[in-house]
Amino acid sequence: MTYKSILLSLDIDGHFIPLIKLAIDLAKRFDARLIGFSAADIHLPLASAEGMAFDGEIMVRQRENIERRLDELRKEFEELAGAAAVDMEWRGAVGNPTRLLIDAARAADLVVTGSPEGASVRNVHRSIDLGSLVLQAGRPMLVASNGQEHFLVNRVIVAWKETREARRAVADAIPFLQKAKEVRLITIDKDATDETWNGLTDVVAFLSHHGVKAAADVFPEKPDGQAIADLAKVMGADLIISGAYGHSRVREWVFGGATRSLLENDGLNRFMSN
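What you see as residue numbers is a count from 1 along each chain, following the sequence as written. Since the coordinates come from a predicted model, pLDDT governs what is reported: local features require at least 70, and pairs of side-chain atoms require 80 or more to be given and counted, while whole-chain, interface and lining totals use all residues. Values reported for side chains reflect all heavy atoms of the structure, with hydrogen atoms and water molecules removed beforehand.

A. Broad picture of the pattern of salt bridges. Any Lys or Arg side-chain nitrogen found within 4 Å of a carboxyl oxygen on Asp or Glu counts as a salt bridge. A complete count under the given rule lists 20 salt bridges for this structure. With its nearest N and O atoms 2.9 Å apart, the salt bridge here joins glutamate 57 to arginine 61. Here arginine 61 and glutamate 57 lie together in helix 2 (residues 56-83), a separation of four residues that amounts to about one turn. A simple rule labels every residue: compare its accessible area, found with a 1.4 Å probe on the protein chains alone, to the largest value its type can have, and call it buried under 20%, exposed over 50%, or partly exposed in between. The exposure class of arginine 61 is partly exposed, given its relative accessible area of 40%. For glutamate 89, the salt bridge identified is with arginine 91, shortest N-O distance 2.7 Å. Overall, arginine 91 belongs to the partly exposed group, its relative accessible area being 29%. One network of salt bridges, with partners in common, ties together Arg33, Asp87, Glu89 and Arg91. Starting at the N terminus, helices and strands are each numbered in turn, a helix being any DSSP run of H or I of at least four residues and a strand any DSSP run of E of at least two.

B. Inspection of the packing of helix 1 (residues 17-30) against helix 2 at higher detail. The convention used is that axes are lines fitted to C-alpha atoms, helices contributing only their stretch in contact, and that angles between N-to-C directions extend from 0 to 180 degrees. At a closest axis distance of 10 Å, the pairing of helix 1 and helix 2 adopts a crossing angle of 35°. Judged by the twist between their axes, the crossing of helix 1 over helix 2 is right-handed. Contacts between helix 1 and helix 2 involve Ile17, Ile20, Lys21 and Ile24 on the former and, on the latter, Glu76, Phe77, Leu80 and Ala81. Residues are grouped as follows: nonpolar covers Ala, Val, Leu, Ile, Met, Phe, Trp, Tyr, Cys and Pro; charged covers Asp, Glu, Lys and Arg; every other residue, Gly included, is treated as polar. Looking at the contact of helix 1 with helix 2, its residues break down into six nonpolar, no polar and two charged. Left-handed is the label given to a crossing in which the near helix is rotated counterclockwise from the far helix by less than a right angle, and right-handed is the label when the rotation is clockwise. Here, two residues are considered to be in contact whenever any of their heavy atoms come within 4.5 Å of each other.

C. Representation of the confidence of the model for the protein chain within the structure. Here the protein chain shows a mean pLDDT of 89. Residues at 70 or above account for 88%. Per-residue confidence from the prediction method is given by pLDDT, with values spanning 0 to 100. Scored below 50 in pLDDT, residues 249-256 makes 12 contacts in the model with residues more than four places away or belonging to other chains.

D. Up close: the sheet that holds strand 2 (residues 33-40). What the 10 strands build is an open sheet, ordered 5-2-1-6-7-12-11-8-9-10; its pairing is mixed. Unpaired on one side and paired on the other, strand 5 (88-94) and strand 10 (214-219) mark the two borders of the sheet. Ignoring strand direction, the axes of neighbouring strands in this sheet form an average angle of 20°. The pairing criterion for strands is at least two bridges between them, as found by DSSP. Relative to strand 10, strand 9 (residues 182-188) runs parallel, the two sharing six bridges. What sits directly across from isoleucine 188, in strand 10, is phenylalanine 219. Relative to strand 1 (residues 5-9), helix 1 is tilted by about 175°, and along the sheet it contacts strand 1, strand 2, strand 6 (110-114) and strand 7 (141-144). Relative to the sheet, helix 5 (residues 164-172) contacts strand 8 (155-159), strand 11 (239-243) and strand 12 (270-273), its axis offset from that of strand 12 by approximately 120°.

E. Summary view of the nonpolar core. The criterion is simple. A nonpolar core is a set of buried Ala, Val, Leu, Ile, Met, Phe, Trp, Tyr and Cys residues joined through side-chain atoms within 4.5 Å. Counting residues in hydrophobic clusters, the biggest one holds 56 residues, and the most contacted among them are Phe176 and Leu177. A total of eight residues in this core trace back to one element, the largest contributor, which is helix 1. Core analysis: the second largest hydrophobic core is formed by 37 residues, Leu100, Leu133, Met235 and Ala244 among them.

F. Summary view of helix 5. What helix 5 keeps buried is the set Glu165, Ala166, Ala169, Val170, Ala171 and Asp172. In this structure, the buried side of helix 5 is in contact with strand 8, helix 6 (174-179), helix 7 (194-208), strand 11 and strand 12.

G. Representation of the pairing of strand 6. With respect to burial, strand 6 is a largely interior element, five of its five residues being buried. Of the two faces of strand 6, the one holding Leu110, Val112 and Gly114 and the one holding Val111 and Thr113 are both buried throughout. Strand direction decides the pairing type here: strand 1 and strand 6, joined by three bridges, are parallel. What sits directly across from isoleucine 6, in strand 6, is leucine 110. Looking at chain direction, strand 6 and strand 7 are connected through four bridges and run parallel.

H. Region of the structure containing the packing of aromatic side chains. Pairing of aromatic rings covers Phe, Tyr and Trp, the last through its six-membered ring, and needs centres within 6.5 Å; plane angles under 30 degrees mean stacked, over 60 mean edge-to-face, and all others mean tilted. Counting across every chain of the model gives six aromatic pairs. Judged by centre distance (5.1 Å) and plane angle (75°), the ring pair of tyrosine 3 and phenylalanine 30 falls under edge-to-face. Separated by 27 residues along the polypeptide, tyrosine 3 in the segment before strand 1 and phenylalanine 30 in helix 1 bring together distant segments of the chain. Across the pair, exposure class does not vary: tyrosine 3 and phenylalanine 30 are buried alike. Each ring, one from phenylalanine 176 and one from phenylalanine 271, has its centre 5.8 Å from the other, and the planes form 80°; the classification is edge-to-face. Of this pair, phenylalanine 176 sits in helix 6 while phenylalanine 271 sits in strand 12, placing them 95 residues apart in sequence. Within the aromatic cluster, the residues linked to one another by ring pairs are Tyr3, Phe30, Phe151, Phe176 and Phe271.

Here is the structure:
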């Protein structure tokens, strides 16, 4: 198993060069085709007391600005990927970036992105909704830490929980796990039972059949995303692998949850599947 096609999502307002270099590094490691992608949408006119405000000239300028920025991204992507002799393709479009990226994910084994930055943060017209992406793309998602240009997989943590999403993530991450020097399977559970350890033993055995040597640990902490992130930093992890949204996304939005906490932690490399 490997990744033969990687889809790279570039934030139209972000610092994109480190992320392009990281994706090129991944494409070379897996001998994969690299598809560069970026999109932004035109802001629709807002309703006022007098009715719908519409200014065609403003809309035209918005489109021109988006297209100019997409062309800049395309040139930088093609120059860097071309210099690295990576098989590549570019896809840039004017439209809802999350919806278009979800559609484009059908062409890839893995989606690589970063956290939204600057003007794009929480702007649905110019940034990706990472939660919607992992729920709807039908592909695993790697969210890279900010500013990283080369991807290390020396030490990997698998945040294990007895859910469908965690099982999917482990299976989807096999290519990364096979390249790791150390894999730690961790469960955060204050009330671990024999069944908890039996589950971990099964996953360790599953990984061994794929040539991955893993060790398992249980930590009696509060089970949340911050606990996972703290452990990853203490262990010096290069990558966290986890399932996404074991609870409903609405519940996580209201009460918080592991997925939400990890998505907001842009100092870590996070691999997620749903």
